[in-house]
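# Commentary on secondary and tertiary structure
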Amino acid sequence: KTMTIDFGATNCTGTDGINRRGKLIVTLSDRYRNQGSVLTVQPQNYFVNDHQVEGTKTLTNNGRNASNNLTFTVQVTNGKITFPTGGYTTWTSTRTNEWIAGDTTSWFTHGVGGLCDDVYLITGSANGVNRTGLPYVVNITSALRKEICCRWIVSGILDITPSGLPTRTVNYDQGNNGNCDAIATVTILGNSFTIVIN
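A few points on the structure.

Rules and cut-offs
- Residues numbered from 1 in each chain as written.
- Predicted model: local features only at pLDDT ≥ 70, side-chain atom pairs only at ≥ 80, totals over all residues.
- Heavy atoms only, no water.
- 1 Å grid on protein atoms, 1.4 Å probe; cavity = no way out; pocket = protein on both sides within 12 Å on 5 of 7 lines; lining within 4 Å.
- Points joined across faces, edges and corners; volume = space filled by probe spheres on them.
- Nonpolar A, V, L, I, M, F, W, Y, C, P; charged D, E, K, R; others polar.
- Disulfide = S-S within 2.5 Å.
- Helix = DSSP H or I, 4+ residues; strand = E, 2+ residues; numbered from the N terminus.
- Buried < 20%, exposed > 50% of the residue type's maximum accessible area, 1.4 Å probe, protein only.

### Looking at empty space enclosed by the protein
Under the defined criterion, the tally for this structure stands at one cavity of 30 Å³ or more. Looking at the largest cavity, its volume works out to about 30 Å³. Every residue lining the largest cavity is listed: Leu-28, Asp-30, Tyr-32, Ser-37, Val-38, Leu-39 and Leu-59. In terms of residue class, the lining of the largest cavity is built from five nonpolar, one polar and one charged.

Structure follows, in structure tokens:
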């Protein structure tokens, strides 16, 4: 099946306060929960807060792992964000999403609660080029915890290493104590800074 999510030609403001316009074309080979299913998302003239988003995202259901949790391989190819002020950044990523909670409920069985109880652990890596032309590598060193109805990552650690520069360690555990908020800590050469993620 193919589903088109059309935000229109002008900005549409969501309940999360984010402006979106353009289309997302979603192709499904089978039901999301079925092993072997492939879901592909392709943006078409798609903008988020006036940043153009390009690339292809593919999710493949790998079935259940040794912990009896469904896992998904998530790949982004030709990822690109063009900034409204000029310049762009690119990335490619491969990660694994492990569905650790909420897979026995759904919108149809429990309404919003059937979505908001979903929790994923995310592992993997990415690489790309930032808006100044500097290559970078990202590695998740402690699984990122994503709770579906929370806008931000709840916990976990990742390293961002720009070419020729020290590694930036982003720790989502520090400062937010596992809560749903925008606080994280960045550490560079032993110096730590609290940041607020937009």
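### Here we look at the state of the cysteines
Scanning all chains against the criterion turns up two disulfides. Across the disulfide from Cys-116 sits Cys-149; the S-S distance is 1.9 Å. Handedness of the Cys-116-Cys-149 disulfide follows from its S-S torsion of about -80°: it is left-handed. Of the two residues, Cys-116 sits in helix H2 (residues 113-116) while Cys-149 sits in the loop between strand S9 (135-147) and strand S10 (155-162), which places them 33 residues apart along the sequence. Covalent S-S linkage joins Cys-150 and Cys-180, the inter-sulfur distance amounting to 2.2 Å. Here the S-S torsion is close to 100°, and the disulfide linking Cys-150 with Cys-180 is therefore right-handed. Of the two residues, Cys-150 sits in the loop between S9 and S10 while Cys-180 sits in the loop between strand S11 (168-171) and strand S12 (183-188), which places them 30 residues apart along the sequence. For Cys-180, a relative accessible area of 41% corresponds to the partly exposed category. Going through the protein in sequence order and numbering each bonded cysteine, the pairs you get are 1-2, 3-4.

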